[in-house]
Amino acid sequence: MNIKDETKITFTDQGFIDSVLSKSGDAKRLLLIIIVSIFCMATASAAIPDDSYIAGYATGLLKYEFKIDIASLTVQNGSITIPADIIPEGDRVRIIQMLSEIPGVTEVKVVEHAGEQPIVMSSTPIMEIAEEKSLPIADSAMLATGVLPSGHLFRPLLADPRWAHFSAAYRNYVGNNIDGNHNGSVSFGETLPFYRANFGQSMAQWEVGLQAGVFSDFNLGASSTDLINTDFIASLYSSFRVNKVSAFARVYHQSSHLGDEFLLRKLSDLERINLSYEGADLRLSYELPYGMRVYGGGGGIFRKEPSTIKPWSVQYGVEFRSPWRLEFASVRPILAVDFKNHEQNNWNTDISARAGFQFDNLQAFNRRLQFLIEYFNGNSPTGQFFREKVEYIGFGAHYHF
């Protein structure tokens, strides 16, 4: 692992800077939060010990603290995998907690083990190592604790159009759309855990942090690729995980702003909505065998503008992340479907589906690159146009962990 001497964030595009300065106070504050969040992530990842250091540290700790001589400890990208049969049941939680506190450790996994194996130090992902040895991944998995920890207790919702992450996509709208049928969509955002800890001596963990994102749509058919709308979402969140069950709760703010060029062209026939509100929601998730996952939850909004918006909504979905990798290109198939029902839209179902591949060897900040085909049918996820029924198909690139 290369150790970075310094991290620089530079914006050389004067147009970008001017656009930031021209935004409203809320918009500028949210953009500043996102920039600071990215900087904190980059700084936090700037001097992480490599896997050989972690393996030596963990082996020594097990030997001298617990009198365990281990010959099959695996470390990959800061994730420690150890066989269950060498760990005394009464010491398991304490061992996992101590290993998770080693500098550079992102998580600790315990797998069922049929026999002694030599130390493995390779680039093969942990899931594949377990498969090659016919070792099922056990429920015992804990992430590193402390300030600005790595990883997330609640995994991202891959098909949710408003989950904060970095992406760029082309969308072709079927039928009439508010501003052209050829649109581009970009998002900039992150879920940044500030602090993570364990619940006593149990396998349960909790964390608190910030989630923020900017979502913008552009009319690619316009002469100057007009900005149509930008949504700003910022939240304080808390998440929880024990074994395969996880939860994500947040209190958030969302505001929606139309683009200047779009307004100039649409002033005569557009009803502008000053959409802004705060809300709270909760999602629960359960991870099934063979890469399957189901989730569901709901929430409501308050201090809303306009005041006539109805508050309640529900969300649920299913995901598949293949535990098997296509070796010729180091890719994994992915499929996700997300459903939302809003009281405001008479509980009509919004369907968002994405499918494609994740490239395991193309990653940044432990986020892997995904190329996904997408389909949406329902009320528009774009804030200003939430009353409009839309349908589109598209293709995009996403960075997810």
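See the structure above.
In short, a report on the structure. (Residues numbered from 1 in each chain as written. Predicted model: local features only at pLDDT ≥ 70, side-chain atom pairs only at ≥ 80, totals over all residues. Heavy atoms only, no water.)

**Some details on the overall build of the protein**
And then number 1: Across its full length, the protein holds six helices and 17 strands.
And then number 2: For the protein, with 401 residues in total, the buried portion stands at 48%. (Helix = DSSP H or I, 4+ residues; strand = E, 2+ residues; numbered from the N terminus. Buried < 20%, exposed > 50% of the residue type's maximum accessible area, 1.4 Å probe, protein only.)

**Re the nonpolar core**
And then number 1: Core analysis: the largest hydrophobic core is formed by 25 residues, its most contacted members being Leu62, Leu73, Ile80, Ile82, Ile95 and Leu99.
And then number 2: Looking at this core, the elements with two or more residues in it are helix H3 (51-66), strand E2 (79-83), helix H4 (92-100) and strand E3 (107-111).
And then number 3: Among the elements that take part in this core, H3 stands out by supplying six residues, more than any other.
And then number 4: Counting nine residues, the second largest nonpolar core, distinct from the first, contains Ile233, Tyr252, Leu275 and Ile309. (Core = buried A, V, L, I, M, F, W, Y, C linked by side-chain atoms within 4.5 Å.)

**Side note on the pairing of strand E10 (residues 245-258)**
Working note: regular strand, side chains alternate between the two faces of the sheet.
And then number 1: The buried count for E10 comes to 10 of 14 residues, which makes it a mostly enclosed element.
And then number 2: In sequence, strand E9 (residues 227-242) turns back onto E10 through a hairpin of two residues, with Asn243 there showing a positive phi of about 55°. (Pairing = 2+ DSSP bridges.)

**What about H3?**
And then number 1: The end-to-end C-alpha distance of H3, which contains 16 residues, comes to 21 Å, matching closely the 22 Å that a straight helix rising 1.5 Å per residue would cover.
And then number 2: Three or more residues of H3 are buried, namely Asp51, Ile54, Ala55, Ala58, Leu61, Leu62 and Phe66. Across the axial projection of H3, the buried residues extend over an arc of 135°, all falling on one side.
And then number 3: Summarising the contacts, the buried residues of H3 are in contact with strand E1 (74-76), E2 and H4.
And then number 4: Two residues or fewer past H3, Lys67 is found with a positive phi of approximately 60°. (Expected span 1.5 Å × (residues − 1). Arc of directions from axis to C-beta. Contact = heavy atoms within 4.5 Å.)

**Thoughts on the packing of aromatic side chains**
And then number 1: The final tally for this structure, using the stated rule, is 16 aromatic pairs.
And then number 2: Considering the side-chain rings of Tyr195 and Trp206, the 5.7 Å spacing of their centres and the 55° angle between planes classify their relative orientation as tilted. Residue Tyr195 is located in strand E7 (residues 182-198), and its partner Trp206 is located in strand E8 (residues 205-219); the two are separated by 11 residues in the primary sequence.
And then number 3: Relative to Phe248, the ring of Tyr237 lies with its centre 5.0 Å away and its plane at 15°, an arrangement referred to as stacked. Taken together, the residues span a long stretch of sequence, with Tyr237 in strand E9 and Phe248 in strand E10 at a distance of 11 residues.
And then number 4: Under the relative-accessibility criterion, Tyr237 is labelled buried at 3%.
And then number 5: Chaining the aromatic ring pairs together yields one cluster made of Phe154, Trp163, Tyr237 and Phe248.
And then number 6: Positioned above the aromatic ring of Phe154 is the side chain of Arg293, whose terminal nitrogen or guanidinium carbon lies 4.9 Å from the ring centre. (Phe/Tyr/Trp six-rings, centres within 6.5 Å; stacked < 30°, edge-to-face > 60°. Lys NZ or Arg CZ within 6 Å of the ring centre and 35° of its normal.)

**Details of the environment of Leu326**
And then number 1: Within the secondary structure layout, Leu326 lies in the loop between strand E13 (313-321) and strand E14 (331-342).
And then number 2: The class of Leu326 is partly exposed, set by a relative accessible area of 31%.
And then number 3: When the C-alpha atoms of Leu326 and Phe359 are compared, they prove to be 9.8 Å apart, with 33 residues separating the residues in sequence.
And then number 4: Not counting residues up to four positions away in its chain, the partners in contact with Leu326 are Val331 and Phe357.

**Details of the environment of Gly60**
And then number 1: In this structure, Gly60 sits in helix H3.
And then number 2: In the structure, Gly60 is positioned 10 residues away from Ile70 in sequence and 9.4 Å away in space, judged by C-alpha atoms.

**Here's the deal with the side chain of Ser255**
And then number 1: Among the structural elements, Ser255 can be located in strand E10.
And then number 2: Once residues within four sequence positions are removed from consideration, Ser255 is found in contact with Thr230, Asp231, Phe232, Leu275 and Ser276.

**Concerning the packing of H3 against H4**
And then number 1: Two numbers describe how H3 lies on H4: the axes approach to 11 Å, and their chain directions differ by 140°. On the basis of their axis angle, the class for H3 and H4 is oblique. The crossing of H3 and H4 is right-handed. For the pair H3 and H4, the contacting residues are Ala58, Leu61, Leu62, Glu65 and Phe66 in the first and Arg94, Ile95, Met98 and Leu99 in the second. (Axes fitted to C-alpha atoms, helices over the stretch in contact; angles between N-to-C directions. Parallel < 35°, antiparallel > 145°, perpendicular 65-115°, else oblique. Left-handed = near helix turned anticlockwise from the far one by under 90°.)

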